[in-house]
Amino acid sequence: MKIQYKNGNTLSYAEYGEKSGYPLLVQHGLIASISDSHLFDSLIKAGIRVISVARPGYGESSPYPMSQMAEWGEIVSVLAAE
């Protein structure tokens, strides 16, 4: 799935678990991808709604050069507001 943020850029993400579960945002790491749902099996079984986000420039997320780390919060807030 994708959502738009600043200047028409897109943020790619995947959701796992029950829609009504407690939402947990997860930023993928260097050795994983947002499609590696098996990494979240224990969270999903516990009723958590896992929302795995691909950082800008990874996967299908638009490249976006952040000038400071605080921008990551601004970007993810668009997804959190959904």
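Just so it is clear, the model here is predicted, and its values are computed rather than measured. (Residues numbered from 1 in each chain as written. Predicted model: local features only at pLDDT ≥ 70, side-chain atom pairs only at ≥ 80, totals over all residues. Heavy atoms only, no water.)

1. Focus on the overall build of the protein chain
Part 1: Summing up its helical and strand segments, the protein chain has 2 helices and 4 strands in all.
Part 2: Here the protein chain has a C-alpha radius of gyration of 13 Å; the compact-globule value for 82 residues is 12 Å, and the two agree.
Part 3: With the C-alpha coordinates aligned to their principal axes, the bounding extent of the protein chain is approximately 35 × 25 × 20 Å.
Part 4: Each of the 82 residues in the protein chain was classed as buried or not, and the buried ones make up 38%.
Part 5: Expressed as a percentage of contacts within the protein chain between residues at least 6 apart in sequence, the contacts between residues at least 24 apart total 63%.
Part 6: Averaging the locations of the 6 positively and 8 negatively charged side chains of the protein chain gives two centres separated by 0 Å. (Helix = DSSP H or I, 4+ residues; strand = E, 2+ residues; numbered from the N terminus. Rg over C-alpha atoms; globule rule 2.2 N^0.38 Å. Buried < 20%, exposed > 50% of the residue type's maximum accessible area, 1.4 Å probe, protein only. Contact = heavy atoms within 4.5 Å. Lys, Arg positive; Asp, Glu negative; His and termini not counted. Charge placed at Lys NZ, Arg CZ, Asp CG, Glu CD.)

2. A short note on the confidence of the model for the protein chain
Part 1: On average, residues of the protein chain score 91 in pLDDT, and 98% of them reach the 70 mark or higher.
Part 2: Mean pLDDT across the secondary structure elements of the protein chain bottoms out at helix 2 (residues 70–80), with 91, and peaks at strand 2 (residues 9–16), with 96. (pLDDT = per-residue confidence, 0-100.)

3. Remarks on the sheet that holds strand 3 (residues 22–27)
Think of a sheet as strands paired side by side through backbone hydrogen bonds, with each pair either parallel or antiparallel.
Part 1: With mixed pairing, 4 strands are arranged side by side in an open sheet as 1-2-4-3. With one partner strand each, in any of the chains shown, strand 1 (2–5) and strand 3 form the two edges of the open sheet. The average undirected angle you get between the axes of adjacent strands in this sheet is 30 degrees.
Part 2: Across 6 bridges, the pairing between strand 3 and strand 4 (residues 48–53) is parallel. Within strand 4, the residue paired with Leu25 across the bridge is Ile51.
Part 3: Across the sheet, helix 2 is in contact with strand 1, strand 2, strand 3 and strand 4; its angle to strand 1 comes to roughly 130 degrees. (Pairing = 2+ DSSP bridges. Axes fitted to C-alpha atoms, helices over the stretch in contact; angles between N-to-C directions.)

4. Here we look at the packing of aromatic side chains
Part 1: If you walk through the whole model with that rule in mind, you get 2 aromatic pairs.
Part 2: Taking the centre distance of 5.9 Å and the plane angle of 80 degrees together, the rings of Tyr5 and Tyr64 count as edge-to-face. Separated by 59 residues along the polypeptide, Tyr5 in strand 1 and Tyr64 in the loop between strand 4 and helix 2 bring together distant segments of the chain. Like Tyr64, Tyr5 is buried. (Phe/Tyr/Trp six-rings, centres within 6.5 Å; stacked < 30°, edge-to-face > 60°.)

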